[in-house]
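Chain and residue survey
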Amino acid sequence: MRPFDYARAGSVAEAAAAARDGATIIAGGTNLLDLMKLEVMAPDRVVDITRLGLDAIEPTDAGGLRIGALVPNADLAADRRVRRDYAVLSRALLAGASGQLRNKATTGGNLLQRTRCYYFYDTAMPCNKRNPGSGCGAIGGFNRIHAILGASDKCIATHPSDMAVAMRALGAAVEVVRPSGETHRIALDDFYCLPGDTPQVENVLEPGDLITAVLLPPPPGGVHRYRKVRDRASYAFALVSVAAVIRMEGDVIAGAQLAYGGLAHLPWRDRRVEEMLVGEAPSVDLFALAGELLVREARGQGANDFKIPLARRTLAAVLADATGLEAAK
Ligand code: SF4
């Protein structure tokens, strides 16, 4: 690890100003410290925000929840209101990482964690995300964990977060403070970028933007599911995951909010799939069609071709479970 200056921010404004001036922000450090040890990131200055008090979960005037950026993943998963009203989020958090990591990892940091593409972490290999213009080791390389949707010929990495997948399904927004002190909100739908020609740009934050909270809308009701398919039962990233909030009225699907992990450079959402489900009665055929629609534009890279049928079947299985079709069989 290379030497760096360390400072503790005394206020949000101070942290935002330091970030604007090129400092790297640290909170839980569960991803950043690995990146620094491997010299994938080598900041000159690291500013610690852990004493800024952004660790409350509070009700909002709109009837939702405001989750402070420094709320640990473990606390968020265990919060009574989250477990009751946003169970998909609690389940996604508990599917991520390990108990020790969830105690340290923060809400804001989870949103900003970097891809686990092997080539990104190996500084001897080309990687357009780490070193723009150097090429992509994963294209034509070992790409079993890589993207099947929204990738480009510059980068096929996936976003590793489980939490962000559930938040996207819930319609969350990110609260950001700028160095000027101005606060603004960015819908999670608009927060992440596809890789395109600039895979090093992962989100729409500008220099000095500091995430202070995540805002959840009022509880959506319905049945919540988070299913994560991975190589082992714990402490593994998703090959495919599905976050689902399904509302039924009688025998008909009245609402469907769905997001997917392990498939793309960002937590994926496809409104076409949700729209085709609403107003329909659950059936094996309907859910098979939903799976087909989800992967209609999917493209495998060889070693990850299996993700296409896996995503299709996982979505169909989650929908059968959430609508009671599975139990009725
Ligand atoms: Fe780098 Fe993206 Fe290629 Fe991985 S997939 S090597 S992160 S450019």
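The coordinates are above.
Applying the stated criterion to the full structure yields 4 aromatic pairs. Ring centres 6.3 Å apart and planes at 65° place the aromatic pair Tyr-118 and Tyr-119 in the edge-to-face group. Consider the rings of Phe-120 and Tyr-121, whose centres lie 5.3 Å apart with planes at 85°: the pair is edge-to-face. The exposure classification of Phe-120 matches that of Tyr-121, with both residues buried. Here a set of aromatic residues connected by ring pairs shows up, and it is made of Tyr-118, Tyr-119 and Phe-142.

Most of helix H8 (residues 163–170) is tucked away, with 8 of its 8 residues classed as buried. Buried within H8 are the following residues: Met-163, Ala-164, Val-165, Ala-166, Met-167, Arg-168, Ala-169 and Leu-170. Of the residues trailing H8, Gly-171 is marked for its positive phi of about 80°.

Here Ser-161 shows up in the loop between helix H7 (107–112) and H8. Under the relative-accessibility criterion, Ser-161 is labelled buried at 2%. Engagement of the side chain of Ser-161 in a polar contact is seen with the backbone nitrogen of Ala-164, the distance being 2.8 Å.

This next bit is on the sheet that holds strand S1 (residues 5–8). Taken in spatial order, the 3 strands make up an open sheet running S1-S3-S2, and their pairing is parallel. Looking at strand neighbours, the two that pair on one side only are S1 and strand S2 (24–26), the edges of this open sheet. Neighbour-to-neighbour, the strand axes of this sheet turn through a mean angle of 30°, independent of strand direction. As defined by bridge partners, S1 adjoins strand S3 (residues 45–48) across 4 bridges and the pair is classed as parallel. By the bridge assignment for S3, Arg-8 is matched with Asp-48.

Moving on, we come to the site of the ligand. Looking at the ligand, there are 15 residues lining it, with Cys-117, Cys-127, Cys-136, Cys-155 and Ile-156 nearest. The class makeup of the residues in the shell around the ligand is 10 nonpolar, 3 polar and 2 charged.

Quick notes on the rules
- Numbering of residues starts from 1 in every chain and runs along the sequence as written.
- Per-residue local features are limited, in this predicted model, to residues with pLDDT of at least 70; the limit for side-chain atom pairs, both in listing and counting, is 80 or more; totals at the level of whole chains, interfaces and linings are taken over all residues.
- Only hydrogens and water are removed before side-chain values are computed, so all heavy atoms of the structure are retained for them.
- Working definition: a ring pair exists when centres of Phe, Tyr or Trp rings (six-membered ring for Trp) sit within 6.5 Å. Plane angles under 30 degrees give stacked, over 60 give edge-to-face, the rest tilted.
- Categorising residues by exposure relies on relative accessible area from a 1.4 Å probe, with only protein chains included: less than 20% of the type maximum marks a residue as buried, more than 50% marks it as exposed, and the intermediate range marks it as partly exposed.
- Segments assigned H or I by DSSP are reported as helices when at least four residues long, segments assigned E as strands when at least two residues long, and all are numbered from the N terminus.
- For the purposes of these results, a polar contact is taken to be a pair of N or O atoms within 3.5 Å, where, inside protein, one atom must be able to donate a hydrogen and its partner to accept one; residues adjacent in sequence count only when each atom of the pair is a side-chain atom.
- When DSSP finds at least two bridges between two strands, those strands are taken to pair.
- The axes used here are C-alpha line fits, helices contributing only the stretch in contact, and every angle between their N-to-C directions lies in the interval 0 to 180 degrees.
- Any residue with a heavy atom positioned within 4 Å of a molecule or strand is treated as near that molecule or strand.
- Here the nonpolar group is Ala, Val, Leu, Ile, Met, Phe, Trp, Tyr, Cys and Pro; Asp, Glu, Lys and Arg are the charged ones; every other residue, Gly included, is treated as polar.

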